[in-house]
Amino acid sequence: MPVFKTPFNGYSVKFSPFYESRLAVATAQNFGILGNGRVHVLDLSPAAPALTELVAFDTADGVYDLAWSESHDSLLIAAVADGSVKIYDTALPPTANPIRSLHEHTREVHSADYNPTRRDSFITSSWDDTVKLWTVDRPTSVRTFKEHAYCVYNATWNPRHSDVFCSASGDCTLRIWDVREMGSTMIIPAHEFEILACDWNKYDDCLIASASVDKSIKIWDVRNYRVPIAVLNGHGYAVRKVKFSPHKRNLLASCSYDMTVCLWDFMVEDALVGRYDHHTEFAVGVDMSVLVEGLLASTGWDELVYVWQQGMDPRAV
Amino acid sequence: MATQSPPSPSSTAGNPPTLAAETSQQATGVQQDGPPEAAEQPISSPSVFVNSEPMREEQVQNAVKFLSHPKVRGSPVIYRRSFLEKKGLTKEEIDEAFRRVPDPPPSAQATSANQADGQVKSSSSNIQSQAPTQALQPQPAGAAPTAVSPASTMMMSRFHWYHAVLAVGLLAASGAGTAVFIKKSLIPRLKSWIRKVVLEEEDDSENKSIAKPSLAEEAAAAAKAAAAAASDVAKASQELLNSKNEERRYFSELMNLLDVQLQEMKSMSNSIRKLEGPSNNSGRTSLVNQEDHRDSVTGVKQPYANGKADFDMQSVRSSSPPAPGEPSVAPHPKSYMEIMAMVQRGEKPPNIRDINDLPPNPNQQLPNPRLAPKAKPWEVGQAQIASGQVIQSQVSAEGLNFKVQDNGLNHQSDDDSSVPWWQRKNVKITEVGEDEIKAGPYGVRTNEPPVQRTWVPPQPPPVVMPEAAEAIRRPKPSGPTEQSTSHQLASQASEVADELQRITKISEVGGIEEIKGNGSVQNSSEIQEEQETHA
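How each quantity is defined
Residues numbered from 1 in each chain as written. Chains lettered and ligands numbered in written order. Predicted model: local features only at pLDDT ≥ 70, side-chain atom pairs only at ≥ 80, totals over all residues. Heavy atoms only, no water. Helix = DSSP H or I, 4+ residues; strand = E, 2+ residues; numbered from the N terminus. Buried < 20%, exposed > 50% of the residue type's maximum accessible area, 1.4 Å probe, protein only. Contact = heavy atoms within 4.5 Å. Areas by Shrake-Rupley, 256 points an atom, 1.4 Å probe, with all protein chains shown as cover. Pairing = 2+ DSSP bridges. Axes fitted to C-alpha atoms, helices over the stretch in contact; angles between N-to-C directions. Core = buried A, V, L, I, M, F, W, Y, C linked by side-chain atoms within 4.5 Å. Parallel < 35°, antiparallel > 145°, perpendicular 65-115°, else oblique. Left-handed = near helix turned anticlockwise from the far one by under 90°. Nonpolar A, V, L, I, M, F, W, Y, C, P; charged D, E, K, R; others polar. Polar contact = N/O pair within 3.5 Å; in protein donor to acceptor, adjacent residues only side chain to side chain. 1 Å grid on protein atoms, 1.4 Å probe; cavity = no way out; pocket = protein on both sides within 12 Å on 5 of 7 lines; lining within 4 Å. Points joined across faces, edges and corners; volume = space filled by probe spheres on them. Phe/Tyr/Trp six-rings, centres within 6.5 Å; stacked < 30°, edge-to-face > 60°. Patch = residues over 30% accessible without salt bridge, like charges linked within 9 Å, V, L, I, M, F, W, Y side chains within 5 Å. Salt bridge = Lys/Arg side-chain N within 4 Å of Asp/Glu carboxyl O. Expected span 1.5 Å × (residues − 1). Arc of directions from axis to C-beta.

Q: Can you lay out the overall build of chain A for me, pointing to particular residues and giving the numbers?
A: Across its full length, chain A carries zero helices and 28 strands. Of all 317 residues assigned to chain A, the portion counted as buried reaches 77%. Restricting the contact set of chain A to residue pairs at least 6 apart, pairs at least 24 apart contribute 46%. With an accessible surface of roughly 7,600 Å², chain A has 51% of that area assigned to carbon and sulfur atoms.

What follows is the structure in structure tokens.
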């Protein structure tokens, strides 16, 4: 299984929705505390398991997250720690990039997500307690959603309802928003501690997974949101990211500060179905490919990016 | 359109106006709920993403009690709301509670000053009471939002400290005094007894032969006296010990409290130092440290820095005596701690470059999409998407029979036998999908049951005319297109028959029905059909 060594600490990895073999990695120097950042666009070579770099873009500050455009195959959105949102055209050389830099957030932009149904807009969430809605062609944000009382660590679109998204915040709540409404439509006090990530189930649009500092992942049904459907325990430290599988209804992947990537089936009593402990530092980014079933990628503070098929050992040669 | 309620963690006088603004916003938001929901949502039931529960009166009353509490009154609105949200109240319940709690008059300056004082005192007592209980985590952050209040709380806590120190000193002094007094009274007693005994012994030694039984009696008496003295000594020493133990207990209790407060003060002074410290290159609030210590970002936005710093103090406090149930902090890499220490000292790590990452051409044109977006695996089986692809297949079937993919990286079409290594799946996962891709894909897809399959959905062939694809994918309103097609038809018809020119020039829009030409009628009906399917 291929490995790629990045010069900086990894923060996020995302597969391209257009090209099976392409993925992008967001990295930040000095663990993201203070320093530059870099976006790598990597390619899986088909014959031998290897990851090669197609192009890389340097940023003044660390890059915390990425989102591939769903409308343009070469566009990449980067969430940067200096509060800016940068749009890169991966078909152009680094000297012609970025093609846009949108600076409205007043603190670090922690996540970016592109609308998979409408394909024309994306949301970014920031430590300035807000979520902003953008389109690639506009120089300013379309809307700002400000209700959280603390950093918004993640915001993700609903895979079926093009106007609905969910946000996870350090104020320990999940909020569900509809861009047509003034404020949030639902507040779920999901955990007693900060919630670091959220994701929607791709096959049941009412299910949300939330990952928290309390080491657990909870699955919520918005129709009955007072009690979670499932609580997934097994990580040793805070869970940093959670991702529902695009191919299997009950499968989700998560990565944690306990340096492992875990696979869960939340409908089963013993939910943990896979555990990969290939990282030697905090595992901070994980993604499941939409185009290739079972293909996983992860990155961490150990400056390594792994891509592997579910069921195989990521460190196998 | 954009809703931005003003962030005001530092102003208490601003609370009632923001509260009013918030409630009015919420009210309008609630009012707007009705019409948009009814108009849209043709597929699913009226939005499941909204709270449809009725308001719970009990929760509202609890919230009213909470909000009426004087300590809560002094905190910013956002933290009050956040607390109620964490307790599980819905927006409507929270708004109702806010409505029920009487607001203090916003205009009076004196009352705002009083509020500030009350807030200072309440915040100090808040912080002290927060030490043992970690229940309200963001709440105490709101209790001490200004830079003034930490100093005043420090003064209040110092006051308390002095109290404690005085009390301890008094106890120690009294204990020492009693000990000294007892010793002073004991020693002369002892000495006098010893002298008496010795004198009696000397006398006895002179009168030994005569007064032996009396000696024995006297010895016995002396022994009794000595025993009594010893018991007195024992009692006194026991009393001393007891008092010392009590003192120790007092001491330990006080020391515990003092330790806690010491650490609070240390953390407060640290954060204050940082606030005053270098504003350009201090480290950012690192995500990893959300469980324990955090360095606040300075300079950029003062109100945020103040608000966050105080919240940070709360997070800092949580590290010293771990609150019950607080998850353990993940051990950070050593180099991470080194860099954090460096940044806290104000040094910049050496390997940072100055990079200009602004767009070289801010008006750079967005690229044209080279590939059509692919359907997601979970969208397969939905009627909309299936019909969308049927139309695409019609377009593609007309003249485009491309097998070679444009992107150059897709090797599925290249290889029939060898599959890229990342496609090799476990045995149980079907390989039927590979074959299905080659055969008529669209017919197969529409026949498939909506259960998700493990095959990769076939990619639609790339379109030669992206404008056509765009036009088909985004149906324009039928009016203008009909006009444009009717223009085309008109031009065609005029070529066919000269007599029709006059009619078409007179009425171009209505000319579609009037054109009698065979070919044009067929064309118009075809185009109309296509438009109808797209509309």
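Q: Run through the sheet that holds strand 16 (residues 174-178) of chain A, naming residues and quoting values.
A: Residue and element names in this part refer to chain A. With antiparallel pairing, four strands are arranged side by side in an open sheet as 14-15-16-17. Two strands close off the open sheet at either side, each with one partner strand: strand 14 (152-157) and strand 17 (184-188). Ignoring strand direction, the axes of neighbouring strands in this sheet form an average angle of 20 degrees. With five bridges connecting them, strand 14 and strand 15 (residues 164-169) associate as antiparallel partners. If you follow alanine 155 over to strand 15, its bridge partner there is serine 167.

Q: Please provide a residue-by-residue account of the nonpolar core, values included.
A: Ranked by size, the top nonpolar core spans 30 residues in total, and within it Leu23(A), Leu44(A) and Val307(A) carry the most contacts. Elements that contribute at least two residues to this core include exactly strand 2 (9-15), strand 3 (22-28), strand 4 (37-45), strand 23 (251-256), strand 24 (261-265), strand 26 (283-288), strand 27 (295-300) and strand 28 (304-309) of chain A. The residues contacting Val307(A), other than those within four sequence positions of it, are Met1(A), Pro2(A), Phe15(A), Leu23(A), Leu44(A), Leu51(A), Leu295(A), Leu296(A), Ala297(A) and Trp421(B). If you look at the next biggest cluster of nonpolar residues, it comprises 24 residues, including Trp127(A), Leu196(A), Ala330(B) and Met340(B).

Q: Help me get a handle on the pairing of strand 6 (residues 63-68) of chain A, residues and values and all.
A: Residues and elements named next belong to chain A. Most of strand 6 is tucked away: six of the six residues are buried. Bridging between strand 6 and strand 7 (residues 75-80) involves five bridges; their strand directions are antiparallel. Counted as the bridge partner of aspartate 65 is alanine 79 from strand 7. The antiparallel hairpin formed by strand 6 and strand 7 contains six residues in its connecting segment.

Q: Tell me about unusual backbone geometry, and name the residues and values.
A: All names here are of chain A. Here the bond from asparagine 97 into proline 98 is cis, since omega is -5 degrees, no more than 30 degrees from zero. By the element assignment, proline 98 lies in the loop between strand 8 (84-89) and strand 9 (100-103). Despite not being glycine, phenylalanine 31 shows a phi value in the positive range, around 60 degrees. Note that phenylalanine 31 resides in the loop between strand 3 and strand 4. Positive phi is not limited to glycine here, since arginine 119 has a value of about 65 degrees.

Q: Quick rundown of the packing of helix 2 (residues 57-68) of chain B against helix 5 (residues 91-100) of chain B? Include the residues and the values.
A: Residue and element names in this part refer to chain B. Interhelical geometry of helix 2 versus helix 5 gives an angle of 50 degrees and a closest axis separation of 9 Å. Considering the angle they form, helix 2 stands oblique to helix 5. With respect to the hand of their crossing, helix 2 and helix 5 are arranged in right-handed fashion. Residues Glu57, Gln59, Val60, Gln61, Ala63, Val64 and Leu67 of helix 2 form the contact with helix 5, whose participating residues are Glu93, Glu96, Ala97, Phe98 and Arg100. Taken together, the residues of the contact of helix 2 with helix 5 break down into six nonpolar, two polar and four charged.

Q: Describe in detail the environment of Ser169(A), supporting the description with residues and values.
A: All names here are of chain A. Looking at the element boundaries, serine 169 is found in strand 15. Taking relative accessible area as the criterion, serine 169 reaches 0% and is therefore assigned buried. Considered as a pair, serine 169 and serine 212 are 43 residues apart in the sequence and their alpha carbons are 9.6 Å apart. The contacts of serine 169, once residues within four sequence positions are left out, are His148, Tyr150, Cys151, Val152, Tyr153, Glu194 and Ile195. A polar side-chain atom of serine 169 sits 3.2 Å from the main-chain carbonyl oxygen of tyrosine 150.

Q: Describe empty space enclosed by the protein, with residues and values.
A: Residue and element names in this part refer to chain A. Going through the model one piece at a time under the given rule, you end up with 17 cavities of 30 Å³ or more. One number sums up the size of the largest cavity: a volume of about 560 Å³. Lining the largest cavity are 38 residues, with Lys14, Asp113, Asp199, Lys243 and Asp287 sitting closest to its centre. If you list the elements that add at least two residues to the lining of the largest cavity, you get strand 2, strand 6, strand 10 (109-114), strand 14, strand 18 (195-200), strand 22 (239-244) and strand 26. Partitioned by chemical class, the residues of the lining of the largest cavity number 22 nonpolar, five polar and 11 charged.

Q: Explain the sheet that holds strand 4 of chain A to me, using residue names and the numbers behind them.
A: Residues and elements named next belong to chain A. Read across the open sheet, the four strands follow the order 2-3-4-5; overall the sheet is antiparallel. Since the sheet does not close on itself, it has two edges, and those belong to strand 2 and strand 5 (50-59), each with one partner. Sheet twist, expressed as the mean angle between neighbouring strand axes with direction ignored, is 25 degrees. Summarising the sheet, strand 3 and strand 4 pair through seven bridges and their orientation is antiparallel. Opposite alanine 24, over in strand 4, you have valine 41 as the bridge partner.

Q: Hey, could you go over the pairing of strand 24 of chain A for me, with residue numbers and the actual values?
A: Consecutive residues of a regular strand have side chains that alternate between opposite faces of the sheet. Residues and elements named next belong to chain A. Of all five residues in strand 24, five are buried, a share of seventy percent or more. Of the two faces of strand 24, the one carrying Val261, Leu263 and Asp265 and the one carrying Cys262 and Trp264 are both buried. Between the antiparallel neighbours strand 23 and strand 24 lie four residues, among them methionine 259 with a positive phi of about 70 degrees. Pairing of strand 24 with strand 25 (residues 272-276) involves four bridges; the strand directions are antiparallel. By the bridge assignment for strand 25, tryptophan 264 is matched with leucine 272. Between the end of strand 24 and the start of strand 25, which pair antiparallel, lie six residues.

Q: Pulling in residues and values, what's your account of the packing of aromatic side chains?
A: Residues and elements named next belong to chain A. Per the counting criterion, the structure on display carries 19 aromatic pairs over all chains. On the numbers, 6.2 Å between centres and 50 degrees between planes, the contact of tyrosine 11 with tryptophan 301 is tilted. Of this pair, tyrosine 11 sits in strand 2 while tryptophan 301 sits in the loop between strand 27 and strand 28, and the two are 290 residues apart along the sequence. A single burial state applies to tyrosine 11 and to tryptophan 301, both of which are buried.

Q: Quick one: what's the story with the environment of Val233(B), residue by residue and with numbers?
A: Residue and element names in this part refer to chain B. Counting through the fold element by element, valine 233 comes out in helix 9 (residues 212-276). Under the relative-accessibility criterion, valine 233 is labelled partly exposed at 27%. With near-sequence residues (within four places) excluded, valine 233 lies in contact with Leu186 and Leu190.

Q: Tell me about a nonpolar patch on the surface, residues and numbers included.
A: A contiguous nonpolar patch, built from Leu190(B), Ile194(B) and Val198(B) and spanning about 230 Å² of accessible area, is present on the exposed surface. Mapping Ile194(B) onto the fold places it in helix 8 (residues 148-206).

Q: Just give me the short version of helix 2 of chain B, but keep the residues and values in it.
A: Residues and elements named next belong to chain B. Helix length check: helix 2, at 12 residues, gives a terminal C-alpha distance of 16 Å against a target of 16 Å (1.5 Å per residue), a fit within 8%. Here helix 2 has its buried residues at Val60, Ala63, Val64, Phe66 and Leu67. Summarising the axial view, the buried residues of helix 2 lie within an arc of 160 degrees, below the 170-degree limit, and thus occupy one face. Those residues of helix 2 that are exposed and angled more than 90 degrees off the buried face are Glu58 and Lys65.

Q: So what's going on with the pattern of salt bridges? Residues and values would help.
A: Counted under the stated rule, the structure contains 32 salt bridges over all chains. A salt bridge links Arg180(A) to Asp163(A); the nearest nitrogen and oxygen atoms lie 3.4 Å apart. Here Arg180(A), found in the loop between strand 16 and strand 17, pairs with Asp163(A), found in the loop between strand 14 and strand 15; they are 17 residues apart in sequence, far enough to count as distant. One salt-bridge network, held together by shared partners, links Glu147(A), Asp171(A), Arg175(A), Glu85(B) and Lys91(B).

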